[in-house]
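These are the residues of each chain, in order.
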Amino acid sequence: MFWVKNSSLSKRSIIPSFLSSDSILNRLARRTGWMKRAARSITPRYFVNSFLLAAAEGEASFREVASNIGLHNNDTVSKQALWERTGAEAVDFFKRVLSKLINDAVMPETRCKISGVRRILLQDSSVLPLDRSLAEVFPGSINQNKKLSAGLRLQAVFDLVNGESLSLEFHGYRERTDLAASGDILSLIKKGDLVVRDLGYLVGKVLNEIGRKECFFLSRHINQRVVTLQKTKERLDLAKYLSRHAAQTGDTVECEVLVGSCLLYTSDAADEE
């Protein structure tokens, strides 16, 4: 999966093996519009690897990246020429590289299927720390010494059945929390999908909308929210209910419940705060 040295570089690096493939990176670059014709000095492979090498060594300046590209192709690349290649298409290109990396590294180990479910969509986020000098542009959390850190938040959605990343979105650490991103899944789901998310994405009206789209969801529950049986309006004691209706190993039971003031799967349900 990983290779450890490129003999054309004076610095050591550890990078995913697919990043040494011109054919794969050229294809991704063309899809994003970053490369419209064959490049001579700044090829997709030189571009990506040089940025990663500079970032890994904490020197991600245009001067350093241009220097790394020069080491790759034994030529001189100016900072200005590099700057002109780092627009919106470059951002999209790097997103596709990240998606490819995740697919190759994670998906082959996690692909699974459940009878009656078309796709299993896993939504999660990760905080990516940045150098503290970027705190004013990308403010993060405040540490115990009351110093502001810097960071980005990656919101991602993966299809665990087909082994695909459906969405990779970068936001400011404070701009797009899991709660704020809860509804993002609605534009991606299709009938028969199962949505798997942790507690941070739990929003009643979003769960209702998932149900209306004839999809399923799996989420952790907040203990403070009351769960009652729809028919009797009695508070659900799960252990007692299972001992009565599914006492034997392997038994299953289904029941309709009210979560707080929110009745899931009904068109006239009122959302809870």
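For the structure given in this document, a descriptive report is provided here.

### Observations concerning unusual backbone geometry
The bulk of non-glycine residues show a negative phi, and the bulk of peptide bonds are trans. The phi dihedral of E214 is positive, around 60°, even though this residue is not glycine. For E214, the position within the fold is in the loop between α7 (204–212) and β8 (216–219). Among the residues examined, E214 registers a relative accessible area of 48% and is labelled partly exposed. Even without glycine at this site, K233 takes up a positive phi of about 65°. One can find K233 in the loop between β9 (227–229) and α8 (238–245).

### Looking at the packing of aromatic side chains
Taken as a whole, this structure holds 7 aromatic pairs when the rule is applied. Here the aromatic rings of F47 and F94 are separated by 5.7 Å at their centres, their planes lie at 50°, and the arrangement is tilted. Taken as a pair, F47 in helix α2 (residues 44–56) and F94 in helix α5 (residues 88–105) lie far apart in primary sequence, 47 residues in all. The class for F47 is buried, based on a relative accessible area of 0%. For F94, a relative accessible area of 26% puts it in the partly exposed group. Each residue in the set W34, F47, F51, F93 and F94 is aromatic and connected to the rest through ring pairs, giving one cluster. For R85, the ring lying beneath its charged end belongs to W34, and the centroid distance is 3.9 Å. Above the ring of Y173, the side-chain terminus of R153 is found at 4.9 Å from the ring centroid.

Calculation rules
Residues numbered from 1 in each chain as written. Predicted model: local features only at pLDDT ≥ 70, side-chain atom pairs only at ≥ 80, totals over all residues. Heavy atoms only, no water. Helix = DSSP H or I, 4+ residues; strand = E, 2+ residues; numbered from the N terminus. Buried < 20%, exposed > 50% of the residue type's maximum accessible area, 1.4 Å probe, protein only. Phe/Tyr/Trp six-rings, centres within 6.5 Å; stacked < 30°, edge-to-face > 60°. Lys NZ or Arg CZ within 6 Å of the ring centre and 35° of its normal.

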